[in-house]
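The chain contents come next:
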Amino acid sequence: MTSMEKRLQKELQAMTKDPPAGVSVNTNSLSSSLSEWVVDIEGAPGTLYEGERFQLSFKFTSRYPFDSPQVMFLGPNIPVHPHIYSNGHICLSILTEDWSPALSVQSVCLSIVSMLSSCKEKKLPPDNAIYVRTCSKDPKKTRWWYHDNSV
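The written sequence of each chain sets the order in which its residues are numbered from 1. Predicted model: local features are reported for residues with pLDDT of at least 70 only, side-chain atom pairs are reported and counted for 80 or more only, and whole-chain, interface and lining totals are derived from all residues. With hydrogens and water excluded, all non-hydrogen atoms of the structure serve as input to the side-chain values.

J.: What exactly am I supposed to notice about unusual backbone geometry here?
T.: Residues other than glycine predominantly adopt negative phi, and peptide bonds predominantly adopt the trans conformation. The linkage connecting Tyr64 with the following residue, Pro65, adopts the cis geometry, with an omega of 10°. Secondary structure elements follow DSSP: runs of H or I no shorter than four residues count as helices, runs of E no shorter than two count as strands, and numbering proceeds from the N terminus. When you line up the elements, Pro65 lands in the loop between strand E3 (53-59) and strand E4 (70-74). For Leu34, which is not glycine, the phi dihedral falls at a positive 65°. Of note, Leu34 is situated in the loop between strand E1 (23-25) and strand E2 (36-42).

J.: Please clarify how the side chain of Ser104 should be interpreted in this entry.
T.: Tracing the chain through its elements places Ser104 in the loop between E4 and helix H2 (105-117). Contact partners of Ser104, with chain neighbours within four places excluded, come to Arg7, Glu11, Tyr64 and Trp99. Note on contacts: a residue pair qualifies if any of its non-hydrogen atoms lie within 4.5 Å across the two residues.

J.: When you look at H2 in this model, what are you seeing that I'm missing?
T.: Working note: α-helix, 3.6 residues per turn, so residues spaced by three or four point in the same direction. The length a helix should cover is 1.5 Å for every residue beyond the first. For H2, built from 13 residues, the straight-helix expectation of 18 Å at 1.5 Å per residue is met to within 8% by its first-to-last C-alpha distance of 18 Å. Those residues of H2 lying buried are Val105, Val108, Cys109, Ile112, Val113, Met115 and Leu116. Buried residues of H2, seen end-on, are gathered within an arc of 160° and therefore sit on one face of the element. Next to the buried residues of H2 lie helix H1 (3-17), E1, E2, E3 and E4. Any residue under 20% of the maximum accessible area for its type is buried, any over 50% is exposed, and the rest in between are partly exposed; the area is computed with a 1.4 Å probe on protein chains only. Note: the arc covers the axis-to-C-beta directions of the helix.

J.: How should I be thinking about H1 in this particular structure?
T.: With 15 residues, H1 ought to run about 21 Å at 1.5 Å a step, and its terminal C-alpha atoms sit 21 Å apart, in line with that. Burial in H1 covers these residues: Met4, Leu8, Glu11, Leu12 and Met15. Here the buried residues of H1 occupy an arc of 105° about the axis, which is enough to place them on one side. Across from the buried face of H1, at angles greater than 90 degrees, the exposed residues are Ser3, Lys6, Lys10, Gln13 and Lys17.

Laid out in structure tokens, this is it:
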């Protein structure tokens, strides 16, 4: 078993044993090497996304946890949010330049739930149309410009 697989096995155990509120790993979606996960997220009570259900895709390279996972929303229900593009890409610094090996699937999920929970208005990023037309399929190849810490 590789060090990536050991780390992911440990994280999977933690996420199934004591998951954060509104977050669960879709165990039917796990690849045999644990390199791809689908995580189900439910909007927190009292927020704009209360009761809504979303799915996140996590893809891990063999360099995980030293290399951040690729994380994006999946499927037809992608949250309308100022930091989430309609193709599922998420503008969140811990997914790129602020990644640390001390972070985990759980901490990423908590950050995303927190980002959704603090949103005051459901609206797409202002550059959504051009970004979705011109971006790489891999959000980690995007050079994000973090200019708004209000959401």
